[in-house]
Amino acid sequence: MAAQPVLDFHVRLAPRPGAAERLLATLDECGLTRAVVCAGGTIDLDRLSRQLVEGGQVETDADNDAVLDACAGTDGRLVPFFFANPHRSPDAYRARAAEFRGLEISPAVHGVGLTDPRVVGLIGVATEFGHPVYVVCLARHGAGVADLVALARRFPQVSFVLGHSGIGNIDFHALALIRDEPNILLETSGGYTCVAEAAVSRLGAGRVVFGSEYPLQHPAVELAKFQVLSLPPEQWRQIAWDNAHRLLGEEKR
């Protein structure tokens, strides 16, 4: 595996001094070639963990400017995604969309479900700009994987990425729900090894992307998950590199 290039499809930029330098150093340490970067620190982790269980929301804007600053000058090594706030007009995203390569929606942070018209408006903008959409789902009405499926069917031309192996760390049900939805891929951070293995088997290696959720999870941990699976090199190449570049419109890179 180490000999092949790896694109980490989901890292966050912590809102702390030196965060970009630490991110790049960690990529080097783990042998990661590129990474998709989303803003972090929009909500503190104690509140986020409570919201995951009890519900709730923040209306805070993510620091998307810091993401752009971190990605600038890296010659494409760091790829910026726009972390949208559904409490704002979709025009806020539309005005900046050309500066970014994709969109993130997180009901866990902003508390707005995937069936909400405000999210639908954001997906409409992603459609205009050809952006893939990274989504975090919850075991909650309006924000579940079934709701993502409904959204993906409404926007068949958009590529969606279901983050964190679905909901929880053993979400085989998510695999069943998205199996027949070709425009939904699975990003594997957080899930058990058995889920990653089942995703490759049930969805095919062409619909799985590697991600770490750095800095909350060290990339070395997520790489180890695939190392123990001993996938054929061609499958690992798809998961670690080819699929991500297809999502970014860089198939020939």
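Treat the numbers as computed from the prediction; the structure is a model and nothing was measured.

About the criteria used
Residue positions within a chain follow its written sequence, with the count starting from 1. In view of the model being predicted, local features appear only for residues whose pLDDT reaches at least 70, and side-chain atom pairs are presented and counted only at 80 or more, with totals across whole chains, interfaces and linings using the full set of residues. The basis for the side-chain values is all heavy atoms of the structure; hydrogens and waters are excluded. Note on conventions: DSSP H or I runs of at least 4 residues are helices, E runs of at least 2 residues are strands, and numbering of each starts at the N terminus. Remark: exposure states derive from per-residue accessible area (1.4 Å probe, protein chains only) relative to the maximum for the residue type, with buried under 20%, exposed over 50%, and partly exposed in between. Whether two residues are in contact is decided by their heavy atoms, any of which lying within 4.5 Å being enough. Note on areas: these come from Shrake-Rupley sampling with a 1.4 Å probe, and a residue is covered only by the protein chains present in the view. A residue counts as positive if it is Lys or Arg and as negative if it is Asp or Glu; His and the chain ends are not included. To locate a charge, take NZ of a lysine, CZ of an arginine, CG of an aspartate or CD of a glutamate. Throughout, nonpolar core names a set of buried Ala, Val, Leu, Ile, Met, Phe, Trp, Tyr and Cys residues whose side chains join them through atoms within 4.5 Å. Any two strands are treated as partners once DSSP identifies two or more bridges connecting them. Axis definition: a line fitted to C-alpha atoms, over the contacting stretch in the case of helices. Angles run 0 to 180 degrees between N-to-C directions. The span one expects for a helix is its residue count, reduced by one, times 1.5 Å. Polar contacts, as counted here, are pairs of nitrogen or oxygen atoms within 3.5 Å of one another; within protein the pair requires one atom able to donate a hydrogen and one able to accept it, and residues that are adjacent in sequence qualify only if both atoms are side-chain atoms. Orient the strands so they point away from the viewer; a crossover is then right-handed if the path from the first strand over the helix to the second runs clockwise.

Enquirer: Describe the overall build of the protein, listing the residues and the values that go with them.
Expert: Looking only at helices and strands, the protein features 11 helices and nine strands. Summarising its shape, the C-alpha atoms of the protein cover approximately 45 × 40 × 35 Å along the three principal directions. Among the 253 residues that make up the protein, the fraction classed as buried is 55%. In the protein, the share of contacts with a sequence separation of at least 24, taken over all contacts with a separation of at least 6, comes to 72%. Roughly 10700 Å² of accessible area belongs to the protein as shown, and the carbon and sulfur atoms make up 52% of that amount. The positive charge centre, built from 23 side chains, and the negative charge centre, built from 30, are 3 Å apart in the protein.

Enquirer: I'd like a description of the nonpolar core, backed by residues and values.
Expert: Counting 90 residues, the largest nonpolar core has Phe9, Leu103, Ile123 and Phe160 as the members making the most contacts within it. Not counting residues within four places of it along the chain, the set of residues in contact with Leu103 comprises Phe81, Phe82, Ala84, Tyr93, Leu122, Ile123, Ala126, His131, Pro132, Val133 and Tyr134.

Enquirer: Summarise the sheet that holds strand β2 (residues 34–39); cite the residues concerned and give the values.
Expert: Sheet architecture is open: three strands sit in the order β1-β2-β3, paired in parallel fashion. Every interior strand has two partners, whereas the edge strands, β1 (7–13) and β3 (78–80), have only one. The average angle at which neighbouring strand axes cross in this sheet is 35°, direction not considered. Two elements, β2 and β3, share three bridges in a ladder whose sense is parallel. Looking at β3, one finds that Val37 is bridged to Pro80. Packed on one face of the sheet, helix α3 (residues 64–71) meets β1, β2 and β3 and runs near 150° to β3.

Enquirer: Describe helix α6 (residues 117–129), with residues and values.
Expert: Under the 1.5 Å per step criterion, the end-to-end length of α6 is 19 Å for 13 residues, consistent within 8% with the ideal 18 Å. Among the structural elements, α4 (90–96), β5 (103–105), β6 (133–135), α7 (145–154) and β7 (160–162) are those in contact with the buried residues of α6. Where α6 begins, the side chain of Asp116 points an oxygen toward the backbone nitrogen of Arg118, at a separation of 2.7 Å. Two residues or fewer past α6, Gly130 is found with a positive phi of approximately 65°.

Enquirer: Give me the pairing of β1: which residues, what numbers.
Expert: Across the seven residues of β1, seven count as buried, placing the element largely inside the fold. Following the chain from β1 across helix α1 (residues 19–30) to the adjacent parallel β2, one finds a crossover that is right-handed.

Enquirer: A description of the environment of Leu114 should follow, citing residues and the corresponding values.
Expert: As for its placement among the helices and strands, Leu114 is situated in the loop between α5 (107–110) and α6. You can call Leu114 buried: its relative accessible area is 1%. A sequence separation of 109 residues divides Leu114 from Pro5, and the C-alpha atoms of the two residues are 33 Å apart. Apart from the residues lying within four places of it in its own chain, the contact partners of Leu114 are Ile105, Pro107, Val119, Val120, Val135, Cys137, Gly142, Ala143, Gly144, Asp147, Leu148 and Leu151.

Shape is all these values report; function is a separate question.
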